[in-house]
Amino acid sequence: MSTQTEVLTRFREIVAIDGWDATWSAWSVIPWEGWDGREIQPPLRNVIESDRVEWPRQGQALVPGCGRGNDARFIATSLGLKVTGIDISPTAVEVANQEAPHENVSFRVGDFFAPTDEQFDLIYDYTFFVALPPSMRPEWGRQMAKLVKTGGFLITLVFPIDPQVDYGPPFFVRPNHYEEVLGSVWEKVIDEVPAVSSPSHIGRERIIVWKRL
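None of the values given here were measured: they were computed from a predicted structure.

Rules of the game
Residues numbered from 1 in each chain as written. Predicted model: local features only at pLDDT ≥ 70, side-chain atom pairs only at ≥ 80, totals over all residues. Heavy atoms only, no water. Helix = DSSP H or I, 4+ residues; strand = E, 2+ residues; numbered from the N terminus. Buried < 20%, exposed > 50% of the residue type's maximum accessible area, 1.4 Å probe, protein only. Contact = heavy atoms within 4.5 Å. Polar contact = N/O pair within 3.5 Å; in protein donor to acceptor, adjacent residues only side chain to side chain. Salt bridge = Lys/Arg side-chain N within 4 Å of Asp/Glu carboxyl O.

Engineer: Please set out the overall build of the protein chain residue by residue, giving values where relevant.
Structural biologist: When its secondary structure is counted, the protein chain shows seven helices and seven strands. Taken from N to C terminus, the helices and strands of the protein chain fall in the order α-α-α-β-α-β-α-β-β-α-β-α-β-β. Counting over 213 residues, the protein chain shows a buried share of 52%. Summarising the internal contacts of the protein chain: among those between residues at least 6 apart in sequence, 66% fall at separations of at least 24.

Following this line, the structure appears as structure tokens:
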């Protein structure tokens, strides 16, 4: 059986040579998540279901790098928002569209960084930020500021918080990396180590909720 390190090495080779869509022929979840990547992560579930944030109950939400679409369906069901999941992988979008259709959720192949007039009341980023080369993070921050409406929210589940490496994906990340590129147009309303994490995430994640000023 291959070790996790060997699996990640092979995954990175496929991404570098053939692109993200090719990885869906080998894995149905990104390998640094493990099989719990099929489930809603407890920190997202807990923060959405808590009364600590006055979440929007109507409007639009976005999940970039949506994969199988589980998070998009959960947000739509929990908050009543119309949720769009985008992914650069046509295979991921095809899988998402085949699994448990939801009337308030749509999936499409899309580029998060493409110019658009769309704005959203909520965006959820989990494993999207860390999949980007660090040189793209400033543009991620600028695009988030454009996409989230004033008064809207950005949820970032920071994972994996592992020892520093010079390669990826996932690329080395710390919570302050988000703050550095988001700038002064956001207010942190929650910033904490989750009380409950999935087994493979314990001690390796932090959830931060940002409000657009």
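Moving on, there is more to tell.
Engineer: Explain the side chain of arginine 73 to me, and be specific about the residues and the numbers.
Structural biologist: Tracing the backbone shows arginine 73 in helix 4 (residues 70-79). A residue is classified by how much of its surface remains accessible, and arginine 73, at 10% relative accessible area, is buried. A distance of 2.7 Å separates a polar side-chain atom of arginine 73 from the backbone oxygen of arginine 68. Apart from residues lying up to four places away in sequence, arginine 73 is in contact with Arg68, Ala96, Glu99, Ala100, His102, Val105 and Phe107.

Engineer: Can you lay out the pattern of salt bridges for me, pointing to particular residues and giving the numbers?
Structural biologist: Applying the stated criterion to the full structure yields eleven salt bridges. As a salt-bridge pair, arginine 45 and glutamate 49 come within 3.8 Å of each other at their nearest N and O atoms. In this pair, arginine 45 and glutamate 49 both sit in helix 3 (residues 42-49), four residues apart, roughly one turn of the helix. Classification of arginine 45 as partly exposed rests on a relative accessible area of 33%.

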